[in-house]
Amino acid sequence: MRTPYTYTRRAARTVATIGHDHVPRVVANLSDAAITRMEDLTAIGHVYDPVTDKWAMRDQAAEFLYMGSTPLPFMAPTGTRQLLDADAWAAHSDTFYCVPVFTVDTYTHATARHSVMNVVRCTIDELTSDVVAQLILDTTVVLLLSSTAPSYYTSMRAAIDRVTDAGLTAPIILERDIRSASIDVCVLHASTDLGGLLVDGLGDGTMLQVGTPEHVDLQQSIRLSFTILQATRTRMTKTEYISCPSCGRTLFDLQETTARIRSHTDHLKGVKIGIMGCIVNGPGEMADADYGYVGSGPDRITLYRGQEIVQRNIPSDGAVEALIDIIKSDERWVVPTAPSS
Ligand code: SF4
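A brief look at the structure comes next. (Residues numbered from 1 in each chain as written. Predicted model: local features only at pLDDT ≥ 70, side-chain atom pairs only at ≥ 80, totals over all residues. Heavy atoms only, no water.)

Around the ligand, a shell composed of C244, P245, S246, C247, R249, T250, G277, C278, N281, G282 and E285 is seen. Classifying every residue of the shell around the ligand by side-chain character gives 4 nonpolar, 5 polar and 2 charged. (Near = heavy atom within 4 Å. Nonpolar A, V, L, I, M, F, W, Y, C, P; charged D, E, K, R; others polar.)

What follows is the structure, given as structure tokens:
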């Protein structure tokens, strides 16, 4: 029985690299995108270098590419798999590395399925008890699940609880299409809907689309997916900053200092840094940070490792460098790589 007071991830079986103890996967929906060149995949985190003829995968790169019925016109990047609508999958030359995506109807009547992974894309309304009973028997199924109900979050949560209680252990990828004239509206809805479910321990992946009604913004869709995973602590792919809102006690320019610390440390995947305006309340407000940069007097900074003071009241000039030295001494520093375009 799930309780709202502790985090428990829904018990899903592993299918390929999805579910159980795998981090939630990110699926890019490219079914409406015109992907003709390798460079087109830069937006979803895969960078092709024509000189070396190699792909580089960024920390925030989609692992699964949903192509609809049009396969990529070139070989998929290393570390990815194409998801193809069932008819296109059956006609493709590589039916192992490509994965079929069925509707409930095509799944039920399929004459051929993948031996390892079969995606069933459906809405919560299609998950009748008969369909669920059928899916329970298939250990290769991954659900790509969405809801058209007015409240995506509550309807999805109720549906996932219902099918889980019935015995379905298939991994579930949360599909959400939020396109609006305003990116703020997209961020708000995506964060509350997908973030809420992930905090509840529900969801083994996301397939998110944001942008305008006319145009899907692929880059924003992937970035926002990873940001939500990071914020829900289900998948850490970048440095995390915990900063106080600042108030009359703040002892330095919080925004300028935060920007400076970020510029030096934003490549440190998974490291949490607290940046707090004063030593009165700051240490308490950054309780779960790995490192803390806390104002302790005019032009004075106190540096923390966790809740332990490492350097007290040092001059603010050079304090960022001292913070980096602490991270280095913990062997958590990595040399930043040159940004790729
Ligand atoms: S940590 Fe200190 S400076 Fe920052 S908001 Fe709290 S009381 Fe104000």
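Read on, since the account is not over.
So, about the pattern of salt bridges. Applying the stated rule across the entire model yields 17 salt bridges. In this structure, K269 engages D59 in a salt bridge whose closest nitrogen and oxygen atoms are separated by 3.9 Å. Separated by 210 residues along the polypeptide, K269 in the loop between α7 (254-265) and β13 (272-276) and D59 in the loop between β3 (54-57) and β4 (64-66) bring together distant segments of the chain. You can call K269 partly exposed: its relative accessible area is 47%. In this structure D59 comes out as partly exposed when scored by relative accessible area, which is 42%. A salt bridge links E308 to R305, with the nearest nitrogen and oxygen atoms 3.8 Å apart. In the salt-bridge network here, residues are joined through shared partners; they are R9, R10 and D204. (Salt bridge = Lys/Arg side-chain N within 4 Å of Asp/Glu carboxyl O. Helix = DSSP H or I, 4+ residues; strand = E, 2+ residues; numbered from the N terminus. Buried < 20%, exposed > 50% of the residue type's maximum accessible area, 1.4 Å probe, protein only.)

Moving on, we get to the packing of α7 against helix α9 (residues 319-329). Closest axis-to-axis distance for the α7/α9 pair is 11 Å, and the angle between their directions is 40 degrees. As for the relative orientation of α7 and α9, their crossing is right-handed in sense. Contacts between α7 and α9 involve R260, I261, H264 and T265 from the former and V320, L323 and I324 from the latter. Across the contact of α7 with α9, the residue classes tally to 4 nonpolar, 2 polar and 1 charged. (Axes fitted to C-alpha atoms, helices over the stretch in contact; angles between N-to-C directions. Left-handed = near helix turned anticlockwise from the far one by under 90°. Contact = heavy atoms within 4.5 Å.)

What follows concerns the environment of G292. The residue G292 is located in strand β14 (residues 291-297) in this model. Judged by relative accessible area, which is 0%, G292 ranks as buried. On a C-alpha basis, the gap between G292 and G282 in space is 8.8 Å, while along the polypeptide they are 10 residues apart. When neighbours within four sequence positions are excluded, G292 is seen to be in contact with G274, M286, T302, L303 and Y304.

Quick look at a negative patch on the surface now. On the surface, D299, D317, E321 and D325 cluster together into a negatively charged patch. Counting through the fold element by element, D317 comes out in the loop between β16 (308-315) and α9. (Patch = residues over 30% accessible without salt bridge, like charges linked within 9 Å, V, L, I, M, F, W, Y side chains within 5 Å. Areas by Shrake-Rupley, 256 points an atom, 1.4 Å probe, with all protein chains shown as cover. Lys, Arg positive; Asp, Glu negative; His and termini not counted. Charge placed at Lys NZ, Arg CZ, Asp CG, Glu CD.)

Quick look at unusual backbone geometry now. Despite not being glycine, H20 has its phi angle at roughly 50 degrees, a positive value. A residue is classified by how much of its surface remains accessible, and H20, at 46% relative accessible area, is partly exposed. Despite not being glycine, N313 has its phi angle at roughly 55 degrees, a positive value. Note that N313 resides in strand β16. The class of N313 is partly exposed, set by a relative accessible area of 35%.

Keep in mind that these numbers describe shape and distance, not what the molecule does.
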